[in-house]
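# Residue-level structure breakdown
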Amino acid sequence: MGLPKVDVIVLGAGIVGVSAALHLQARGRGVAIVDRLGEAAGETSYGNAGIVQSEAVFPYMFPRDPREMARGALNRDPRAQTRYSALANVGPWIWRYFLASTPDARQTGARALRPLAARSVAEHEAFAEPAGTSPLLRKTGWIKAFRSERGRQAALAEVAELKPYGVGNVVVDRAQLEALEPHLSGAAIAGIHFTDPSTTPDPGALVKSYADLFLARGGRLLEGDARSLEQSGAGWALTTAEGRIEAADVVIALGPWSSDVFKALGYRIPLGVKRGYHMHFGAEGNATLNRPVMDAEFGYVLAPQTRGIRLTTGAEFAGRDDEPSPAHFDRTEPRARQLFPLAERRDSELWLGRRPCLPDMLPVIGAAPRHKGLWFDFGHQHLGLTLGPVSGLLLAQIMSGETPLTDPKPYRAERFG
Ligand SMILES: Cc1cc2nc3c(=O)[nH]c(=O)nc-3n(C[C@H](O)[C@H](O)[C@H](O)COP(=O)(O)OP(=O)(O)OC[C@H]3O[C@@H](n4cnc5c(N)ncnc54)[C@H](O)[C@@H]3O)c2cc1C
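Nothing here was measured: the structure is a model prediction, and the numbers come from that model. (Residues numbered from 1 in each chain as written. Predicted model: local features only at pLDDT ≥ 70, side-chain atom pairs only at ≥ 80, totals over all residues. Heavy atoms only, no water.)

## Observations regarding the packing of aromatic side chains
Rules: A pair of Phe, Tyr and Trp rings is counted when the ring centres sit within 6.5 Å of each other, with Trp represented by its six-membered ring. The angle between the planes then sorts it: under 30 degrees is stacked, over 60 is edge-to-face, the rest tilted. Secondary structure counts use DSSP, requiring at least four H or I residues in a row for a helix and at least two E residues in a row for a strand, with both numbered from the N terminus.
Scanning the model with the defined rule gives 14 aromatic pairs in all. Judged by centre distance (5.4 Å) and plane angle (70°), the ring pair of Phe62 and Tyr97 falls under edge-to-face. Taken together, the positions of Phe62 in the loop between β3 (51–52) and α3 (66–73) and Tyr97 in helix α4 (residues 87–100) put the pair 35 residues apart, joining distant regions of the chain. A centroid spacing of 5.3 Å and a plane angle of 35° characterise the contact between Trp93 and Tyr97, whose relative ring orientation is tilted. With Trp93 and Tyr97 both in helix α4, this residue pair falls 4 residues apart, about one helical turn. By way of ring pairs, the aromatic residues Phe62, Trp93, Trp95, Tyr97, Phe98 and Phe317 are connected into one cluster.

Structure (structure tokens):
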């Protein structure tokens, strides 16, 4: 049995797919989202730290300082963890990441990312308001905390580098930090308070509310396996739990799973993952946290969320589908307990997420080079919650032949040859 034909099928109901669907729908297209879970925000878009990082400027680069690289290789850099048994699998991607992490690429990446990140809060608000979930976007900003004098100097250098980009921030000393976050321990001696970003206590609920808005506006969210995508006549077709669906256009927005579909169509785009874990905790006594705090030297984030204090880890280099490992989280938790009086663990097991990453840490947004009606919107790395809505806008503008909000060239798939 077939479903009524739509104009566009969006594959993936994370923040990226839902956002693209809303923007296409706003342009009068009939849109169906297909996700294997049959619901929105069941994967990476559920478990992140919840920061809409409008302050983001420079992409996350692989370290190039030999001492830092040696520490990383020996798993002595607490911000990242490499699973040695996965190296044969992920080593070639890490090497490409290293090669792409030049000082020039950092500047080029910043010029590309900035116009998107700068609009990220406004684009979230444009969804949250009609969705009725504006209270899920808190105007708290977030704090990058430093433990040492060296860290404090790094903070000052970072702020100086950010100045030309007009990023709102305040460098805070211990007393100011205490005024903002009374329960942070003395381990944190200084910080940068990024004042412009919004933060959400429940990224999953926020994205689900955007999906509900899409449904209320006449969209469909279907359960189905994107790997069943095939060319059909002048367009595309897919099998869903409710039947076969066809459309002239299809958008791949499957986050870390995008490669499952684009590879089968012959594209060799180097999509890798940086995995990360989370766990929720109670707080001792009356301790509270008002906004997310990142421990800069140890690379984790403590974020006040609906289920408790969510501790998210930095990057684990392992295969996308490898079994979870508690190693990185177990190294991180004691550091987090030094910073904030965490109480009991609230989840029975660690949540594992996968940041979908290209070696230049920029997403792929735009037309697939060799297939009519095939569009890409994936690879949003550490910033998918941030960039999802504005990426959806950019893609919808490209698909509709409108003047795009920024030059889309840095995001084209062709950059990988
Ligand atoms: C620990 C951690 C902390 C983070 N913190 C932040 C943060 O504070 N701020 C920020 O901006 N970003 C953050 N990120 C990054 C952000 O979460 C991701 O970049 C973003 O969620 C990616 O969204 P997505 O829609 O591309 O992918 P996903 O949310 O993973 O969505 C992909 C969808 O595809 C579906 N799918 C997969 N395979 C198939 C298939 N075969 N058929 C049909 N459907 C399929 C999945 O079910 C899923 O719903 C963090 C990430 C992690 C891991």
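Anyway, onward from the coordinates.
## Section: unusual backbone geometry
In plain terms, the rule: For every residue, the accessible area (1.4 Å probe, protein chains only) is compared with the maximum for its type, and the residue is labelled buried under 20%, exposed over 50%, or partly exposed between those bounds.
One non-glycine residue, Ala41, adopts positive backbone phi at about 55°. Within the element layout of this structure, Ala41 appears in the loop between β2 (31–35) and α2 (44–47). On the accessibility criterion, Ala41 (4% relative accessible area) is buried. A positive phi angle, near 55°, is found at Asn75, a position not held by glycine. Looking at the element boundaries, Asn75 is found in the loop between α3 and β4 (80–82).

## Digging into the pattern of salt bridges
What counts is decided by this rule: When a carboxyl oxygen of Asp or Glu lies within 4 Å of a side-chain nitrogen of Lys or Arg, that pair is called a salt bridge.
Scanning all chains against the criterion turns up 28 salt bridges. Asp295 is the salt-bridge partner of Arg147, the closest N and O atoms lying 2.7 Å from each other. Pair noted here: Arg147 is in the loop between β5 (142–146) and α7 (149–162) and Asp295 is in strand β15 (residues 293–295), with a separation of 148 residues, a long-range link. Neither residue differs from the other here; Arg147 and Asp295 are each classed as buried. Here Asp347 and Arg307 are joined by a salt bridge, their closest N and O atoms 2.3 Å apart. Here Asp347 is found in the loop between β19 (342–345) and β20 (351–357), whereas its partner Arg307 is found in the loop between β16 (300–305) and β17 (308–312), with 40 residues between them in sequence. Because the salt bridges share partners, they merge into one network encompassing Asp330, Glu333, Arg337 and Arg345.

## Remarks on the site of the ligand
The condition that has to hold: One heavy atom within 4 Å of a molecule or strand is enough for the residue carrying it to be called near that molecule or strand. Polar contacts here mean pairs of N or O atoms no more than 3.5 Å apart (in protein, one a potential hydrogen donor and the other a potential acceptor; neighbouring residues in sequence count only if both atoms are side-chain atoms).
Lining the immediate surroundings of the ligand are 33 residues, of which Asp35, Thr44, Ser45, Ala226 and Thr386 lie closest. At 2.4 Å, a side-chain N or O of Thr44 approaches an oxygen atom of the ligand. A distance of 3.0 Å separates an oxygen atom of the ligand from a polar backbone atom of Gly384. Elements supplying a minimum of two residues to the shell around the ligand: α1 (15–26), α2, β20 and α12 (384–399).

## As for the packing of helix α6 (residues 120–131) against helix α9 (residues 203–216)
Put simply, the rule reads: A fitted line through C-alpha atoms represents every axis, and for helices the fit uses only the stretch in contact; the resulting angles, taken between N-to-C directions, go from 0 to 180 degrees. These descriptions rest on fixed angle ranges, namely under 35 degrees for roughly parallel, over 145 for roughly antiparallel, 65 to 115 for roughly perpendicular, and the rest for oblique. For any pair of crossing helices, the crossing counts as left-handed if the nearer helix is rotated counterclockwise from the farther one by less than a right angle, and right-handed if it is rotated clockwise. Note on definitions: a residue-residue contact is assigned when non-hydrogen atoms from the two residues lie within 4.5 Å.
Packing of α6 against α9 leaves a shortest axis separation of 9 Å and a crossing angle of 70°. On the basis of the axis angle, α6 is roughly perpendicular to α9. The way α6 lies across α9 gives a crossing that is left-handed. Contacts between α6 and α9 pair His124, Phe127, Ala128, Pro130 and Ala131 from the former with Leu206, Ser209, Tyr210 and Leu213 from the latter.

## Re the sheet that holds strand β12 (residues 243–247)
In any sheet, the strands associate via hydrogen bonds between backbone groups, in a parallel or an antiparallel arrangement. Inclusion rule: Two strands qualify as a pair provided DSSP detects at least 2 bridges between them.
Across the sheet, which stays open at both edges, the 3 strands sit in the order β10-β11-β12 with antiparallel pairing between neighbours. Where the open sheet ends on each side, the last strands, each with one partner, are β10 (230–232) and β12. Neighbour to neighbour, the strand axes of the sheet diverge by 40° on average, direction disregarded. Both β10 and strand β11 (residues 235–240) contribute to a ladder of 3 bridges, which runs antiparallel. Looking across to β11, one finds that Ser232 is bridged to Gly235.

## Brief notes about the side chain of Gln381
Along the polypeptide, Gln381 turns up in the loop between β22 (374–378) and α12. By relative accessible area, Gln381 is classed as buried at 4%. Polar contacts involving the side chain of Gln381 include one to the main-chain carbonyl oxygen of Met361, which spans 3.0 Å. Sequence-distant contacts of Gln381, that is, excluding residues within four places in its chain, are made with Tyr60, Leu113, Arg355, Pro356, Cys357, Met361 and Leu387.

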